[in-house]
Each structure stands twice: as structure tokens, then as C-alpha cells.
Amino acid sequence: MSVNGDMQEETKKSLIVCDNLVKIYKTKDIEVLALQGLDITIEEGELMAIVGNSGSGKTTFLNMIGGLDRPTAGHLYVDGKNLFTLTEKELVDYKKNTVGFVWQNNARNLLPYLSAKQNVELPMILDETKDRSDRAAALLELVGLKDKMESKLSQLSGGEQQRVAIAIALANQPKILLADEPTGSVDAKTGNYILDVFQKINREMGVTVIIVTHDMSLASRVDRVVSIRDGKTSSELIRRVSYLEELEQITDFADMDETSQTRQFQHEEYAVLDRAGRVQIPREMLEQIGVKGNRIRLEVQDGKILISPEQ
């Protein structure tokens, strides 16, 4: 099958397919290449994290999936829709019905003069088929705010406000929940609770959850972590067994110190090939074997590809 045929088949099976995705931001005096041929496939029902340093392209990638920005080149399919070809009306419908956003800054999600419940009802106001009051109450109960429904934002903690924001993002029953640094402005304990909420949403509602973060500790709470470096998919961490299975194996987890807990969560790390067979090799690895220029030796031995520095 051809490459195009492979991609068409992949698009039919997967919820999100990015192929050689490029995004260039232009100003009067400069061009910034935010994505440089990103390849990634995400299956329906995944709970995953996208990690990378500042400027790596992870937030740009999230904005592309959310329909907030258009790709410059490449292919991007979400739920069978080609985001390159959507009209403005189709894009509005897509953002309303397919994706929900949770921002690090609560002000982008919440109106301070409304109660928690009224905030959640607001995105549903144009849909007459939904019982807004009952659904808003159910969503707030889902995120652990059953007793805070009538509270104004000034009466809620930062973590509670973030949970209201999650309920708002779920109001229109999206297939995909996108979270941009959702724990970045709360303490570690509150951050862990918010991640528990994401797991519950993923498990009970079947929503695909994609969390963008620079915090690698999230790897212990999701089954897949994709690392983006310089606008390309660099590597993936895949959990050997699911998070819930690991918790079942740990009988004294609450009594373990943080270092021991971290060691219990085992992932396999894989480099990622693009469709042309290219792979990113971390600079620190190349330095360890003495690579100084841009040429290396490749040879196959016993079913493995060996990399060595230029002689």
C-alpha cells in the first residue's frame, strides 16, 4: 500500500492523525517555525500527556487540534475531519462539539459574577435539547463539587476553580478534552487531585484526554507520554501495564516515600520514526559515544542497528 493509502487507512481507524505537520508564524521581520514535520497518532479513549521544553511546539500542537490555529502544511485529521479544509462555520461546529479546552489560566474559562453551576450551564445555552441544569449539576458532582454548585468564584480555591473549568469543558459532551498546563498554577496535592479527575473522566465517560505539560512527573499518572523536541515528535514513553493495574500491585502505596513511588511506575521509552524513517537522537546520547559533527556510521549486527561516530 502507498504512503497516502496507509495514511487514509490510519485516519479511518484513529481519532487524531497528524502527518508531517508544519506551522510557521510570521511577523514583519521574522518567521518562527513552531512545528517542523510533527507525526503523531492518537487513538480514541487514550489518556496521554504531551511534554517538552518551552518553545518545543507542544502548545502549538494543542491549538491545532483545538481548531484555534490552522496548520501551514502537512495533514491533520481529527474524528475523520480534515482540519485543513473546514469552512469557518464547520470549524465553529467542530470547536463546539468535538473538543473541550481547559486552560492553565482560569480566567479564560470562568465568569466571576456567575455561580459554579451557572458557569457550567453557559456553554449549553444555545442547545435547547439539553437539560442544562441537570447536566451542569451532574458534571460538577463528577469533578467533586457537589456542595459548591451555588458558590461564586471568589468563594472557591484555585483547585476548585480549575475543576469548574473542567466541568465547563465537558458541557457539550466533547470527544476530546484538551488541557494546557492544567496543574501549573496549583500545589502538588491539588494537582494530583485534578489528575484524578482526568482519570475518572477518561474511565467513566470514555473521553480522550490530552494533557500538555512540562512536568515529567505526569508520566506516572498516564499510560502514554509523547515528547516533542524542536517541533517534532522525539520519543514516547509507554506504560508496561496500566496505571490502575500498577496500583492494584502496590499494597502499601500510601506508606511509600515519593522516590519509591516513582520507581514503581515503569515505562518503556521508544524513539519515534517519521514516515521517511528519520529519528531524533538526543544530543547527550551522541556526546556519550563521541559524535562531534553531523556524520555517523550505521551498521546492522544481530538484528540491531548500531550507531557509532565517524572514524
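Above: the structure in question.
Parameters at a glance
- Residues numbered from 1 in each chain as written.
- Predicted model: local features only at pLDDT ≥ 70, side-chain atom pairs only at ≥ 80, totals over all residues.
- Heavy atoms only, no water.
- Axes fitted to C-alpha atoms, helices over the stretch in contact; angles between N-to-C directions.
- Helix = DSSP H or I, 4+ residues; strand = E, 2+ residues; numbered from the N terminus.
- Parallel < 35°, antiparallel > 145°, perpendicular 65-115°, else oblique.
- Left-handed = near helix turned anticlockwise from the far one by under 90°.
- Contact = heavy atoms within 4.5 Å.
- Nonpolar A, V, L, I, M, F, W, Y, C, P; charged D, E, K, R; others polar.
- Phe/Tyr/Trp six-rings, centres within 6.5 Å; stacked < 30°, edge-to-face > 60°.
- Buried < 20%, exposed > 50% of the residue type's maximum accessible area, 1.4 Å probe, protein only.
- Salt bridge = Lys/Arg side-chain N within 4 Å of Asp/Glu carboxyl O.

1. Some remarks on the packing of helix α6 (residues 158-169) against helix α7 (residues 188-205)
Helix-helix packing is characterised by the crossing angle of the two axes and by the distance between the axes. Here α6 crosses α7 at 20°, and the two axes come no closer than 10 Å. Here α6 is positioned roughly parallel relative to α7, judged by the angle of their axes. Both α6 and α7 take part in a crossing whose hand is right-handed. For the pair α6 and α7, the contacting residues are Gly159, Gln162, Arg163 and Ile166 in the first and Thr190, Tyr193, Ile194, Val197, Phe198 and Ile201 in the second. The residue makeup of the contact of α6 with α7, split by class, is six nonpolar, three polar and one charged.

2. Points about the packing of aromatic side chains
Tallying each qualifying case throughout the model produces one aromatic pair. Pairing phenylalanine 101 with tryptophan 103 gives two aromatic rings, centres 4.4 Å apart and planes at 5°, and the pair type is stacked. Accessibility expressed as a relative area gives 11% for tryptophan 103, which makes it buried.

3. Details of the pattern of salt bridges
The final tally for this structure, using the stated rule, is 11 salt bridges. Measuring nitrogen to oxygen at the nearest pair gives 3.2 Å for the salt bridge that ties lysine 23 to aspartate 69. Here aspartate 69 lies in the loop between α2 (58-65) and β4 (73-78) and lysine 23 lies in strand β1 (residues 16-26), a separation of 46 residues in the sequence. You can call aspartate 69 partly exposed: its relative accessible area is 21%. For arginine 224, the salt bridge is made with glutamate 236, and the minimal N-O distance between the two is 3.0 Å. In this pair, arginine 224 sits in strand β9 (residues 224-229) while glutamate 236 sits in strand β10 (residues 232-239), placing the two residues 12 residues apart along the sequence. Bridged by salt links that share partners, the residues Glu46, Arg224 and Glu236 form one connected network.

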